[in-house]
Amino acid sequence: EKGGYEHFMLKEIHEQPNAISDTYRGRMLADKGIIRMAGVDDNMERIANAKRIIIVACGTSWHAGLVAEYIFEDIARIPVEVEYASEFRYRNPVITENDVVIAISQSGETADTMAAIKLAKEKGAFAFGVCNVVGSSISRETHAGAYTHAGPEIGVASTKAFTTQITVLTLMALKLGKFKGTISQSDFQFHLQEMERIPEKVKEALKSDKLIQEVAFKYKDAPNCLYLGRGYNFPVALEGALKLKEISYIHAEGYPAAEMKHGPIALIDEQMPVVVIATKKGHYEKVVSNIQEIKSRKGKIIAVVTKGDEEVRELADYVIEVPETIESLTPLLTTIPLQLLSYHIAVMLGKNVDQPRNLAKSVTVE
Ligand code: F6R
């Protein structure tokens, strides 16, 4: 059942090339420049004319929502707010009939996300679900939706659900952008072509496994770890930190790289590993100067870079390469080494990676 892998989590990490292509297959016709998504097509006016999109989710799904915020605003030019479902539902939020509320949930059963959707519907908003489990409560409660086709996710730590959520939301943003005319035809076409190349590139990213085991061995006994990223890769830093704390019980925090100097830099000394996502597209030079600041305080730098990078290699203790792609799709690649890093650290520490203490796969109570 684990397909030869030692744990479900590792199997699911390796399933991502297929999970991503299963999610776009049948929806995206790259050569024809078409994206078909029934849940969006049938409600195009309503969604494209939204004054605002509010994304509600928890945990890893909330991180996918943060990536989607960048994509929707960039490509479809619709203002987006991303909310923890648990906070949103209890603070008398301003919701109108012109809002579209998107719930993201692997299980489709998360109590807080479900309650947030019910509240949004009561206020007249249009509710759209991005769920993995077919027929789940959230998928039934929403007006329309688009499933991720990740297949069953058994490991408690979410991996392939995250990358397929980003895939679905990217397609949705592209579709809205095309309809609204906020993305050019050639840019649209280019995004589809790049999306089609992602599964191969994920496979390539997975090949860093041996190197990542080395990194894991080196830092497995660190009591703390910092993750930094910017732009599209800021949510990836949050997700990397969440994965590490969930399964290895090492305290980890994710930060937007530029926030480092507003506090977390005080934590940096020769004991502190800092994982920095420093891919070429998007604020590269600024992230490089953050890396220099970490280095001058003797922090240990594990950098995730674009293949062929030389500048960061000079500064970092370890460099993990991912293939190049367009900026908005980099999270699908930069997430991979961070999943593997947390996996290997947890295994080396003898933790139960598939069923970490105190956690449940679906959180059906608030
Ligand atoms: C993280 C994790 C949790 C879930 C969260 C939401 O690895 O598994 O943070 O992402 O409980 O669950 P869903 O997506 O089922 O609503």
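Residues numbered from 1 in each chain as written. Predicted model: local features only at pLDDT ≥ 70, side-chain atom pairs only at ≥ 80, totals over all residues. Heavy atoms only, no water.

Section: the packing of aromatic side chains
The condition is simple: Side-chain rings of Phe, Tyr and Trp, where Trp is taken by its six-membered ring, are said to pair if the distance between their centres is within 6.5 Å; with planes under 30 degrees apart they count as stacked, over 60 as edge-to-face, and otherwise as tilted. Here a helix means four or more residues in a row that DSSP labels H or I, a strand means two or more in a row labelled E, and each is numbered from the N terminus. Three exposure classes are used, based on accessible area relative to the maximum for each residue type with a 1.4 Å probe and protein chains only: buried under 20%, partly exposed in between, and exposed over 50%.
Scanning the entire structure with this criterion turns up three aromatic pairs. Between Trp62 and Tyr84 the ring centres are 3.9 Å apart and the planes differ by 15 degrees, which places this aromatic pair in the stacked class. Placement of Trp62 in helix H5 (residues 59-76) and of Tyr84 in strand S4 (residues 80-84) is noted, with a sequence separation of 22 residues between them. Take Trp62: its relative accessible area is 11%, and that puts it in the buried class. Aromatic pair Tyr219 and Tyr318: ring centres 6.0 Å apart, planes at 85 degrees, arrangement edge-to-face. Here Tyr219, found in helix H11 (residues 209-219), pairs with Tyr318, found in strand S12 (residues 318-322); they are 99 residues apart in sequence, far enough to count as distant.

So, the confidence of the model for the protein
We apply this condition: Each residue gets a pLDDT score, which is the predictor's confidence in that residue and runs from 0 to 100.
Looking at the protein as a whole, its pLDDT mean stands at 96, while 100% of the residues score no less than 70. On the interface metric, ipTM, the complex scores 0.99, and its pTM is 0.97.

A look at a negative patch on the surface
Short version of the rule: Here, patches come from residues exposed beyond 30% relative accessible area and free of salt bridges, joined within 9 Å for like charges and within 5 Å for nonpolar side chains (Val, Leu, Ile, Met, Phe, Trp, Tyr). With residues, only the protein chains shown are counted as cover, and all accessible areas are computed by Shrake-Rupley using a 1.4 Å probe. Throughout this description, the term salt bridge denotes a Lys or Arg side-chain nitrogen within 4 Å of a carboxyl oxygen of Asp or Glu. Only four residue types enter the charge count, namely Lys and Arg as positive and Asp and Glu as negative; His and the chain termini do not. Just so you know, the charge point we use is NZ for Lys, CZ for Arg, CG for Asp and CD for Glu.
Taken together, the side chains of Glu285, Glu310, Glu311 and Glu314 make up a negatively charged region of the molecular surface. With respect to the secondary-structure elements, Glu285 resides in helix H13 (residues 284-296).

Overview of the sheet that holds strand S10 (residues 273-278)
The strands making up a sheet associate through hydrogen bonds between their backbones, and the pairing can be parallel or antiparallel. Inclusion rule: For two strands to be treated as a pair, DSSP must find at least two bridges joining them. To obtain an axis, a line is fitted to C-alpha atoms, over the contacting stretch when the element is a helix, and the angle between two such axes runs from 0 to 180 degrees between their N-to-C directions.
As summarised here, the arrangement of the five strands in space is S9-S8-S10-S11-S12, forming an open sheet in which the pairing is parallel. One side of each edge strand has no neighbouring strand; the edge strands of this open sheet are strand S9 (251-256) and S12. Going across the sheet, the axis of each strand differs from the next one's by a mean of 20 degrees, ignoring polarity.

Quick word on the site of the ligand
Spelled out, the test is: In these notes, residues near a molecule or strand are those with any non-hydrogen atom within 4 Å of it. Polar contacts, as counted here, are pairs of nitrogen or oxygen atoms within 3.5 Å of one another; within protein the pair requires one atom able to donate a hydrogen and one able to accept it, and residues that are adjacent in sequence qualify only if both atoms are side-chain atoms. Only protein atoms enter the 1 Å grid used here. Points where a 1.4 Å probe fits but cannot escape make up a cavity, open sets with protein on both sides within 12 Å along at least five of seven lines make up a pocket, and a residue lines them when an atom lies within 4 Å of a point. To decide whether a molecule occupies a pocket or cavity, check its atoms: if more than half lie within 2 Å of the grid points, it is inside.
In the vicinity of the ligand there are 13 residues, among which Ser61, Ser105, Gln106, Ser107 and Thr110 approach most closely. Between the ligand and Val156, the relevant distance is 3.0 Å, taken from an oxygen atom to a main-chain nitrogen or oxygen of the residue. Contact with the protein chains hides 90% of the accessible area of the ligand, taken as 400 Å² for the molecule alone. Taken atom by atom, the bulk of the ligand overlaps the largest pocket. Elements represented by at least two residues in the shell around the ligand include exactly H5 and helix H12 (234-248). Take the shell around the ligand: its biggest share by element is three residues, from H5.

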